[in-house]
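Fold and geometry: a report
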Amino acid sequence: NRGRRNPYNLPKEEKVKRAMELLERHFDLVVVSNHEYYMKRVLEVTGWNYQKMRSRNVYHIENVFSKREVEDLMKSIRENGDVDFIDAVKMKFEGYLSQYGV
């Protein structure tokens, strides 16, 4: 599995750094939490109408995971740098719109 998510076998610190660079370069707005509030604000400012997003890859059955499967997933996301990335995003962007009164 490591090959598909990390074809160059970069250390997670390098992946997180690169992901943050891409996020900053390609996105004007980063919403860390309170998504409903920002959705409403964008609709108010732009005058756009709300459109419900269609769900993709939705399973209409209950997913049951064993403790081992959850532990393996948590280990994997820690090793891949996913947790570090989310932490970096929160540190950089959480509350950054407060300067605009948002």
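In what follows, the structure referred to is the one given above.
Summary of the structure given here.

Analysis parameters
Residues numbered from 1 in each chain as written. Predicted model: local features only at pLDDT ≥ 70, side-chain atom pairs only at ≥ 80, totals over all residues. Heavy atoms only, no water. 1 Å grid on protein atoms, 1.4 Å probe; cavity = no way out; pocket = protein on both sides within 12 Å on 5 of 7 lines; lining within 4 Å. Points joined across faces, edges and corners; volume = space filled by probe spheres on them. Helix = DSSP H or I, 4+ residues; strand = E, 2+ residues; numbered from the N terminus. Nonpolar A, V, L, I, M, F, W, Y, C, P; charged D, E, K, R; others polar. Salt bridge = Lys/Arg side-chain N within 4 Å of Asp/Glu carboxyl O. Buried < 20%, exposed > 50% of the residue type's maximum accessible area, 1.4 Å probe, protein only. Expected span 1.5 Å × (residues − 1). Arc of directions from axis to C-beta. Contact = heavy atoms within 4.5 Å. Patch = residues over 30% accessible without salt bridge, like charges linked within 9 Å, V, L, I, M, F, W, Y side chains within 5 Å. Areas by Shrake-Rupley, 256 points an atom, 1.4 Å probe, with all protein chains shown as cover.

**Side note on the layout of surface pockets**
Take a probe with the size of a water molecule and roll it over the atoms, and the empty space left behind shows itself. Empty space within the largest pocket amounts to approximately 310 Å³. Every residue lining the largest pocket is counted, 13 residues in all, and those nearest its centre are Leu29, Tyr38, Met39, Val42 and Trp48. When residues of the lining of the largest pocket are assigned to their parent elements, the largest contribution, four residues, is made by helix H3 (residues 35-46). Here the lining of the largest pocket is composed, by residue class, of twelve nonpolar, one polar and no charged.

**With respect to the pattern of salt bridges**
Counted according to the given criterion, the structure contains six salt bridges. Glu24 is paired through a salt bridge with Lys92; the nearest N and O atoms lie 3.7 Å apart. Remark: Lys92 occurs in helix H5 (residues 82-93) and Glu24 occurs in helix H2 (residues 12-26); sequence separation between them is 68 residues. Residue class for Glu24 comes out partly exposed when judged on its relative accessible area of 43%. What makes Lys92 partly exposed here is its relative accessible area of 43%. The residue Arg41 makes a salt bridge to Glu44 at a minimum N-O spacing of 3.3 Å. Highlighted residues: Arg41 and Glu44, both in helix H3, separated by three residues, approximately one helical turn. For Arg41, a relative accessible area of 31% translates into the label partly exposed.

**As for H5**
Each α-helix turn comprises 3.6 residues. Residues three or four places apart therefore point the same way. An ideal rise of 1.5 Å per residue puts 16 Å on twelve residues; H5 measures up with 16 Å between its terminal C-alpha atoms. Those residues of H5 not exposed but buried are Ala88, Val89 and Phe93. Viewed end-on, H5 has its buried residues packed into an arc of 100°, placing them on one side of the element. Buried residues belonging to H5 abut H2.

**Overview of a nonpolar patch on the surface**
Together, Leu29, Val42 and Trp48 make up a nonpolar patch on the protein surface, roughly 300 Å² of accessible area in all. Within the secondary structure, Trp48 is located in the loop between H3 and helix H4 (67-80). On the basis of relative accessibility, which here comes to 58%, the residue Trp48 falls in the exposed class.

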